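# An overview of the molecular structure
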Amino acid sequence: MPSKTKDTKADVQMEQNDKLQSDELRTVDPAAAEMLKNAANLNIKTSWDRYKAQQPQCKFGNTGVCCRICIQGPCRIIPSKPGQDKGICGASVYTIVARNLVRYIAGGAAAHSDHGREIAYTLLHTAEGNAPDYKITDKEKLINVAKRIGIQTDGKDIDKVAKEVAIRALEDFGKYDNKPCTWLDTTIDEERKFKFKNTTIAPTAIDRSITQLLHQTHVGTDADPVNIIFGGLRAALADYTGMSLATDLTDILFGTPTPVVTEANLGVLDPEKVNIAVHGHNPLLSQVVVHAAREMDAEANTVGAKGINLVGICCTGNEVLMREGIPTATNFGSQELAIMTGVLDAMVMDVQCIAPGVKDMCNCFHTQLVSTSHISKIPGSSHIEFNEETAMEDAKKIIKLAISSYTNRKPELIKIPQFKKHVVGGFSFEALINLFSKVNTTSPISVLTEAILDGEIKGVCAFAGCNNQKTIHDASIIEIAKRLAKEDIFLVSTGCSAGAFAKAGLLSIEGVEEYAGPGLKKFIKRLEEKSDLKAKLPLVFHMGSCVDNSRIANLWSEMAKELKISIPQLPFVASAPEAMSEKAVSIGSWVISMGIPTHVGVLPPIEGSELVYGVTTQIARDVFGGYFIFETDPAKAAEKLIEKIEKRVWKLRIHRQTAEKYNSGRAKVYEA
Ligand code: BF8
Ligand code: SF4
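Now for a description of the structure that goes with this document. (Residues numbered from 1 in each chain as written. Chains lettered and ligands numbered in written order. Predicted model: local features only at pLDDT ≥ 70, side-chain atom pairs only at ≥ 80, totals over all residues. Heavy atoms only, no water.)

The subject of this paragraph is the sheet that holds strand E13 (residues 540–544). In spatial order, the strands read E13-E12-E11-E14-E15-E16; together these six strands make up an open sheet with parallel pairing. Of all strands in the sheet, those bounded by a partner on one side alone are E13 and strand E16 (628–630). Going across the sheet, the axis of each strand differs from the next one's by a mean of 25°, ignoring polarity. Where strand E12 (residues 489–494) meets E13, four bridges bridge the pair, whose relative direction is parallel. Paired with Val492 across the strands is Phe541, a residue of E13. (Pairing = 2+ DSSP bridges. Helix = DSSP H or I, 4+ residues; strand = E, 2+ residues; numbered from the N terminus. Axes fitted to C-alpha atoms, helices over the stretch in contact; angles between N-to-C directions.)

Rendered as structure tokens:
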């Protein structure tokens, strides 16, 4: 084993989990807990059971010291044992751990950017008149993006501008010059541009950086762990580039989100309607399903249903929540449990984070599982290929299938947990700025930065990432947020973390009343009083899906610009308490390279190399100002995040006071 004397954090987490399993405390979501009891009664296996069946998980794998990069392997490294301290090819443990880590980033960047590419193609085809069911919805954003990336717009037809923007986006995937990708270079500040140039991690083409990383980590190529990690960071910035263009172009096609009111948790399923869950990530399908469903209520009536009820799961759910106010049924960890209600007539999947276990669950109920993408199929499910040329027609076929499935419900199996919470979401970067502009028209972002400088709030924490069976479902996400809110830290969120907050009532006024500290409460109330919204503002501001983490990057860039400081000086932290996917690793990696301290509540497999662990937690800080904080205990994690924010805000206020006294202006300090 990698270490016999010392327990790794991964060991500690495994022990914690053993205890949790015996306590049967596996979720803090009351609807999920009720469904799990139901699953036990019906003897149906869920991911909770499969997690248990996998224990104990292999320690070689858990600490990153198992190499399967060539078929001489697997090579399992025991650093303390002569002869077994290196792989067959001579690879050291640090090489192996680094290679395994960055290959996660390659996977994550590939997934996010390919999603972005699909959106770019649809924008191109829309502009060319070849995607009849799509249109350019947000012309203002199109013009703003075009101007930002240097496309001349004066006097040009809107379709021509859209075509040029789409082509520029597609060029970011494979351009052959040596300039940084457009969607990186035009969305970050000068200080970061300089940093990325100096450290040679600015990608010049998304596909190239992913391909190069796979090349770099091929057997017998790069053995230098630091160089491998820098290759990983280049791919991570390609991940950022892909998601940044995905967000921009999705807003152009479907509209930039504005505040919406909706609900979350399994109680949003309606026993009297045809219930359809959209699950996955790419809104090209789910948006059209939303529009198609609005036209098909009458057809649902023909089978005795009172209409169609659409709900969302995972990030495609976040996309349609943000733009259309579609309720969220649940997040990644509890996706199978939506089927167990017995009233989900169809689950429509596109790509990413659809657990194959949903099919086994569908086999026990009447739910139709419908795959729609040629790269994402599950054996036994129905496949209705989704094409952008026939989008509406395809969406209607899917809905018809759901309507026919409604008649197959098994009444004896229907059990809908009566839990749902009020949600106010839809806070794109533009929507937040609009909200701030009601308090300060000339400099909206200064509403946030001044509140920090004046001590009303301490800083900002962004919650992102997944559910992970190595933790109690949703628990640490909520515990950390409550603690930070009490300390007057402004909270924003994306992805399945936002799903957890939605289900727990933290995306509503209820959260503000119960958990906000006095300063944060005052800040939110001030925004609320000036806003023209009918809804009360929430404790946590939902900024969208995982690709929408680019919106959070816009927020910190704007704050740094306003304060005339670099991002690593901002009292801004991030937390992914239940990081799970390769995409979460790639996001975390670009977030730290941007200069943000980032907590991760589940240990990635890196503890097998002290060097790699040290690079991600210490060296990263020296080079980029951002770094990972690996902490599995949510209470300790919250204290660490508060400490990071307090330290940065203290420095910021000192600089500000000094500058005001001696320079009659704001501090201009650029050291991290
Ligand atoms: O992209 S948070 S489990 S659904 S990977 Fe997946 Fe993680 Fe959820 Fe969204 Ni993001
Ligand atoms: Fe073993 Fe080297 Fe092959 Fe990895 S690359 S499996 S360490 S021989």
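Here strand E11 (residues 459–463) lies mainly inside the structure; five of its five residues are buried. Burial along E11 is two-sided: Gly459, Cys461 and Phe463 facing one way and Val460 and Ala462 facing the other are all buried. In this structure, E11 lies alongside E12, joined through five bridges in parallel fashion. The residue bridging Gly459 from the neighbouring strand is Ile489, located in E12. Taking the sense of rotation as the criterion, the β-α-β connection linking E11, helix H20 (residues 475–486) and E12 turns out right-handed. Pairing geometry for E11 and strand E14 (residues 572–576), over four bridges, is parallel. Of the residues in E14, the one forming a bridge with Cys461 is Val573. (Buried < 20%, exposed > 50% of the residue type's maximum accessible area, 1.4 Å probe, protein only. Right-handed = clockwise from strand over helix to strand, strands pointing away.)

Note on metal sites: the ideal angle is 109.5 degrees for four tetrahedral donors, and 90 or 180 degrees for six octahedral donors. The protein supplies the nickel atom of ligand 1 with one donor atom, Cys546 (SG), which lies at 2.2 Å. Classification of the site at the nickel atom of ligand 1 as irregular follows from its four donor atoms and the range of 93 to 158° in their angles at the metal. Within the element layout of this structure, Cys546 appears in the loop between E13 and helix H24 (549–563). (Donors = N, O, S within 2.8 Å, 3.2 Å for Na, K, Ca; no water. Tetrahedral: all angles 85-135°; square planar, octahedral: opposite > 155°, others 65-115°.)

Tracing the backbone through its elements, the reader meets Ser376 in the loop between strand E8 (368–371) and strand E9 (382–383). Sequence spacing of Ser376 and Ile354 is 22 residues, and the spatial spacing of their C-alpha atoms is 8.9 Å. Leaving out residues up to four positions away in the same chain, Ser376 has contacts with Met349, Asp350, Val351, Ile354 and Ser371. Of note is the side chain of Ser376, whose polar atom sits 2.9 Å from the backbone oxygen of Asp350. (Contact = heavy atoms within 4.5 Å. Polar contact = N/O pair within 3.5 Å; in protein donor to acceptor, adjacent residues only side chain to side chain.)

Glancing now at the pattern of salt bridges. The full count for this structure, using the stated rule, is 38 salt bridges. Salt-bridge contacts for Glu336 lead to Arg50; the nearest nitrogen and oxygen are separated by 3.0 Å. Separated by 286 residues along the polypeptide, Glu336 in helix H15 (residues 335–339) and Arg50 in helix H3 (residues 47–53) bring together distant segments of the chain. The partly exposed category is assigned to Arg50, whose relative accessible area is 34%. Residue Arg117 pairs with Asp114 through a salt bridge whose shortest N-O separation is 3.0 Å. (Salt bridge = Lys/Arg side-chain N within 4 Å of Asp/Glu carboxyl O.)

All right, on to the nonpolar core then. In a soluble, globular protein the nonpolar side chains are often hidden away together inside. With 186 residues, the main nonpolar core has Val165, Trp556 and Trp590 as its most contacted residues. It is helix H11 (residues 225–254) that contributes the most residues to this core, 16 residues altogether. Filtering out sequence-adjacent residues up to four positions away, Trp590 remains in contact with Ala236, Leu237, Asp239, Tyr240, Met243, Asn549, Ser550, Ala553 and Trp556. Within the second largest apolar cluster, 34 residues are counted, among which are Leu269, Met340, Met347 and Val358. (Core = buried A, V, L, I, M, F, W, Y, C linked by side-chain atoms within 4.5 Å.)

What follows concerns the pairing of E14. Across the five residues of E14, five count as buried, placing the element largely inside the fold. Side chains of E14 alternate between two faces, with Phe572, Ala574 and Ala576 and Val573 and Ser575 buried alike. Across three bridges, E14 lies against strand E15 (residues 598–600) in parallel orientation. Bridge pairing in E15 places Ser575 opposite His599. Running through helix H25 (residues 582–593), the crossover from E14 to the neighbouring parallel element E15 is right-handed.

Neighbouring residues of ligand 2: Cys67, Ile69, Cys70, Gln72, Gly73, Cys75, Gly87, Ile88, Cys89, Ile96, Arg99 and Val219. Residues belonging to the shell around ligand 2 are distributed by class as follows: eight nonpolar, three polar and one charged. (Near = heavy atom within 4 Å. Nonpolar A, V, L, I, M, F, W, Y, C, P; charged D, E, K, R; others polar.)

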